[in-house]
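Chains, contacts and geometry: an overview
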Amino acid sequence: SQPLLTFSATPHDALKVFLKRTLDVLISGAALLLLSPLMALTAILIRATSAGPAIFRQIRCGLNGRKFVVYKFRSMCVDAEQRKAQVAHLNARDEVVFKIPDDPRLTPVGKWLRKFSVDEWPQLWNVLKGDMSLVGPRPAVPEEVDRYQTWQRRRLRMRPGLT
C-alpha cells in the first residue's frame, strides 16, 4: 500500500532556509537598533515600578527540542513561578498550556506590556542568536513538551518564533 500523506522533518530547499535565516538576522538586528531607546525606557519603567530584574529569563524548547533561554521583559511579580500553584485553578486553556486571562500575578506595567506585546521585544535577541525565528510556533516550556502527545511533537521540527 502507498501512503497518501507524508511529513518531512527537514526542509527540502536549503536556499529557502538560508533566505529565511538571513531575513531573521536582518530584521531582528534592525528592530533591535530601532527599538533600543524604547527598550531602555521600558526596562527603567519596570525597575522603577516593581522589585526585581527588568528581563525575565526562562528555559524553553526550540528546534528538535533543544533547550535555550528565552528573554522577555518581566511582566509579572518576581515570585510568579512560586505562586503558579495558587492560581492554577484559573487556567483557561487545556491541560498542556498554562494561560490565565487577567492573571493576578501581572504588575500594572506588565499588563500594558502584554497588551501591546512589548514584553516580547527582547526575544529579538533570541532571533538574532538563532534560537528563534520571526515566524514559527510559540516556544514551549519543557514541562509542556513532556506532556505533548505524539502528534504535538511535530512543533519541535521547526524553530520557534515570535509570531
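Conventions adopted
Residues numbered from 1 in each chain as written. Predicted model: local features only at pLDDT ≥ 70, side-chain atom pairs only at ≥ 80, totals over all residues. Heavy atoms only, no water. 1 Å grid on protein atoms, 1.4 Å probe; cavity = no way out; pocket = protein on both sides within 12 Å on 5 of 7 lines; lining within 4 Å. Points joined across faces, edges and corners; volume = space filled by probe spheres on them. Nonpolar A, V, L, I, M, F, W, Y, C, P; charged D, E, K, R; others polar. Patch = residues over 30% accessible without salt bridge, like charges linked within 9 Å, V, L, I, M, F, W, Y side chains within 5 Å. Areas by Shrake-Rupley, 256 points an atom, 1.4 Å probe, with all protein chains shown as cover. Salt bridge = Lys/Arg side-chain N within 4 Å of Asp/Glu carboxyl O. Helix = DSSP H or I, 4+ residues; strand = E, 2+ residues; numbered from the N terminus. Core = buried A, V, L, I, M, F, W, Y, C linked by side-chain atoms within 4.5 Å. Buried < 20%, exposed > 50% of the residue type's maximum accessible area, 1.4 Å probe, protein only. Contact = heavy atoms within 4.5 Å.

**Some thoughts on empty space enclosed by the protein**
- Considering all chains together, one arrives at one cavity of 30 Å³ or more under this definition.
- Size it by volume and the largest cavity reaches roughly 60 Å³.
- Taken together, Cys 61, Gly 62, Pro 137, Arg 138, Pro 139, Ala 140, Tyr 148, Arg 155, Leu 156, Met 158 and Pro 160 make up the lining of the largest cavity.
- Classifying every residue of the lining of the largest cavity gives eight nonpolar, one polar and two charged.

**Let's talk about a nonpolar patch on the surface**
- A cluster of nonpolar side chains, namely Leu 15, Phe 18 and Leu 19, defines an oily patch on the protein surface of about 330 Å² accessible area.
- Among the structural elements, Phe 18 can be located in helix 1 (residues 14-49).

**A look at the nonpolar core**
- In terms of nonpolar packing, the biggest core is built from 16 residues, with Leu 35, Met 39, Ile 46, Phe 73, Leu 113, Leu 124 and Met 132 touching the most fellow members.
- Elements with a contribution of two residues or more to this core: helix 1, strand 2 (67-73), helix 3 (108-115) and helix 4 (123-129).
- If you tally residues by element for this core, the top one is helix 1, at five residues.
- Residues within four places of Leu 35 in sequence aside, it is in contact with Trp 121 and Leu 124.
- Counting five residues, the second-largest nonpolar core is a separate cluster that includes Ala 140, Val 145, Tyr 148 and Leu 156.

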